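A look at the structure
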Amino acid sequence: MTPPDDLLDELATLAHRAAADAVRLIHDERPASFGVDNKSSSTDLVTEMDRASERTIRSVIGAVRPDDVVIGEEDGEVVPEGGGSGVRWWVDPIDGTTNYVYDHPGYNVSIAAEVEGEVVVGVVADPTHGRTYSAVVGRGAVCDDRPLRLGPAAELSQCLVATGFGYDPGRRGRQGQVVAELLPQVRDIRRMGAAALDLCSVASGRVDAYYEVGLSMWDLAAGALIATEAGARAGTIDGGPLHPRAVLVAHPDRFDELSRLLVGLGASDV
Ligand code: LIP
């Protein structure tokens, strides 16, 4: 059941404020240098700015809604005393950290609010392109103030498809083999290095579809709501309900055909 409008309004306002404060920190006030560490592999980066951004977001949310659960990429799940309010936040403080380290366009701040297990608000702030994508469940999706709505589906051979790769060298090799088989069958591939931006690119028609394996919910939650509120279908590569393990987001008229192709290429088995 959709939450009451006043709660949706409060969560949306808070998500926008937290994202704006985080963008100010990581982009507008970007320092000349900052600490960079590795996580799961030598190519899986985290910076002091990821951590500072998440602290900022947690502070903004906590000041207004101290009883909410916040799950962030860097500091994990923090459950307040008493077990929480039923509202849970998914936070990727810098989605596309490698892009951020190299100052390459496309890194973003991704914040989603979930009520009783349903994502109802999503904000993705993309400062290098000067855009903020957002959606509230049942109210559609926008890029800044411009409504987002998918147009007609492109033929599969004319689809521009975004994807991403994991950090494990072996998995990356297998994912590269899938791309090599896919490439001749679609218009082209885009690898933008940030899942939330890939999802918002489907919503805004900058790509026709996006698939990726091995995401986390904080990569996915906000962008998937924005894409579905813009008219896209979001699910797993094999056509199941949306799950971070193997994501496919595409025009509803092209989803099944692309799913069959990707399943046949072993895209979800890498
Ligand atoms: C990134 C994702 C991207 C994926 C990268 C990385 P992070 O998230 O947004 O789609 O391909 O490997 O996982 O780690 O930069 O927040």
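Because the structure is a prediction, the values reported are computed rather than measured.

On to the pattern of salt bridges. Counting across every chain of the model gives 15 salt bridges. Note that Arg-139 is salt-bridged to Asp-9, the shortest N-O span being 2.7 Å. On the criterion of sequence distance, the pair formed by Arg-139 in the loop between β8 (131–136) and β9 (141–143) and Asp-9 in helix α1 (residues 5–28) is long-range, its members being 130 residues apart. The exposure class of Arg-139 is partly exposed, given its relative accessible area of 42%. Since its relative accessible area comes to 37%, Asp-9 is described here as partly exposed. In this structure, the salt-bridge partner of Asp-103 is Arg-30, at a minimum N-O distance of 3.7 Å.

With mixed pairing, five strands are arranged side by side in an open sheet as β12-β11-β13-β15-β14. Edge positions in the sheet fall to β12 (188–190) and β14 (233–236), since each of these pairs with one other strand and no more. Recorded for the sheet is a direction-independent mean angle of 20° between the axes of neighbouring strands. In this sheet, β12 lies alongside strand β11 (residues 160–163) in parallel orientation, the contact comprising three bridges. Residue pairing in the sheet places Leu-160 in a bridge with Asp-188 of β12. Strands in contact with helix α4 (residues 169–182) are β11, β12 and β13 (209–213); relative to β13, the strand with the most contacts, it is inclined by about 155°.

The element β13 is extensively covered by neighbouring structure, given that five of its five residues are classed as buried. Bridge count for β13 against strand β15 (residues 246–250) is five bridges, and the pairing is antiparallel. If you follow Val-213 over to β15, its bridge partner there is Ala-246.

Next up on the list: the packing of aromatic side chains. According to the stated counting rule, one finds two aromatic pairs in the structure shown. An angle of 90° between the planes, with centres 4.8 Å apart, marks the rings of Tyr-100 and Tyr-107 as edge-to-face. For Tyr-100, a relative accessible area of 0% corresponds to the buried category. Residue Tyr-107 is classed as buried on the basis of its relative accessible area of 0%. A connected cluster of aromatic rings, assembled from ring pairs, spans Phe-34, Tyr-100 and Tyr-107. Here the guanidinium or amino end of Arg-30 rests over the ring plane of Tyr-100, the centre of that ring lying 4.3 Å away.

Once that is clear, we can look at the site of the ligand. Around the ligand, a shell composed of 15 residues is seen, among which Asp-95, Thr-97, Arg-191, Ala-195 and Glu-212 lie nearest. Taking Tyr-167, its side chain carries an N or O atom lying 3.2 Å from an oxygen atom of the ligand. A distance of 3.5 Å separates an oxygen atom of the ligand from a polar side-chain atom of Asp-219. Within the complex, 94% of the 380 Å² of free accessible area of the ligand lies under protein. Contributing elements (two or more residues each) for the shell around the ligand: β5 (87–95) and β13. Looking at the shell around the ligand element by element, the count peaks at three residues for β5. Looking at side-chain class alone, the shell around the ligand contains six nonpolar, three polar and six charged residues.

What follows is about the side chain of Asn-99. Structurally, the position occupied by Asn-99 is in helix α3 (residues 97–101). Excluding residues that lie within four positions of it along the chain, Asn-99 makes contacts with His-104, Pro-105, Gly-106, Tyr-107, Met-192, Gly-193 and Ala-194.

Moving on, we come to the packing of α1 against helix α2 (residues 48–64). Packing of α1 against α2 leaves a shortest axis separation of 9 Å and a crossing angle of 150°. Classified by the interaxial angle, the pair formed by α1 and α2 is roughly antiparallel. The element α1 and its partner α2 pack so that their crossing is right-handed. Every residue of α2 that contacts α1 at Glu-10, Leu-14, Arg-17, Ala-18, Asp-21, Ala-22, Leu-25 and Ile-26 is listed here: Met-49, Ala-52, Ser-53, Thr-56, Ile-57, Val-60, Ile-61 and Val-64. The class makeup of the residues in the contact of α1 with α2 is 11 nonpolar, two polar and three charged.

Taken together, eight strands build an open sheet; the order of strands is β4-β3-β5-β6-β7-β8-β9-β10 and the sheet is mixed. Lying at the two open borders of the sheet, with one neighbouring strand each, are β4 (76–78) and β10 (146–148). The mean inter-strand angle of the sheet, taken between neighbouring strand axes irrespective of direction, is 20°. Pairing of strand β7 (residues 118–126) with β8 involves six bridges; the strand directions are antiparallel. Looking at the pairing, Val-124 lines up with Tyr-133 of β8. The strands touched by α2 are β3 (69–72), β4, β5 and β6 (108–115); relative to β5, the strand with the most contacts, the crossing angle is about 150°.

Analysis parameters
- Residues numbered from 1 in each chain as written.
- Predicted model: local features only at pLDDT ≥ 70, side-chain atom pairs only at ≥ 80, totals over all residues.
- Heavy atoms only, no water.
- Salt bridge = Lys/Arg side-chain N within 4 Å of Asp/Glu carboxyl O.
- Helix = DSSP H or I, 4+ residues; strand = E, 2+ residues; numbered from the N terminus.
- Buried < 20%, exposed > 50% of the residue type's maximum accessible area, 1.4 Å probe, protein only.
- Pairing = 2+ DSSP bridges.
- Axes fitted to C-alpha atoms, helices over the stretch in contact; angles between N-to-C directions.
- Contact = heavy atoms within 4.5 Å.
- Phe/Tyr/Trp six-rings, centres within 6.5 Å; stacked < 30°, edge-to-face > 60°.
- Lys NZ or Arg CZ within 6 Å of the ring centre and 35° of its normal.
- Near = heavy atom within 4 Å.
- Polar contact = N/O pair within 3.5 Å; in protein donor to acceptor, adjacent residues only side chain to side chain.
- Areas by Shrake-Rupley, 256 points an atom, 1.4 Å probe, with all protein chains shown as cover.
- Nonpolar A, V, L, I, M, F, W, Y, C, P; charged D, E, K, R; others polar.
- Parallel < 35°, antiparallel > 145°, perpendicular 65-115°, else oblique.
- Left-handed = near helix turned anticlockwise from the far one by under 90°.

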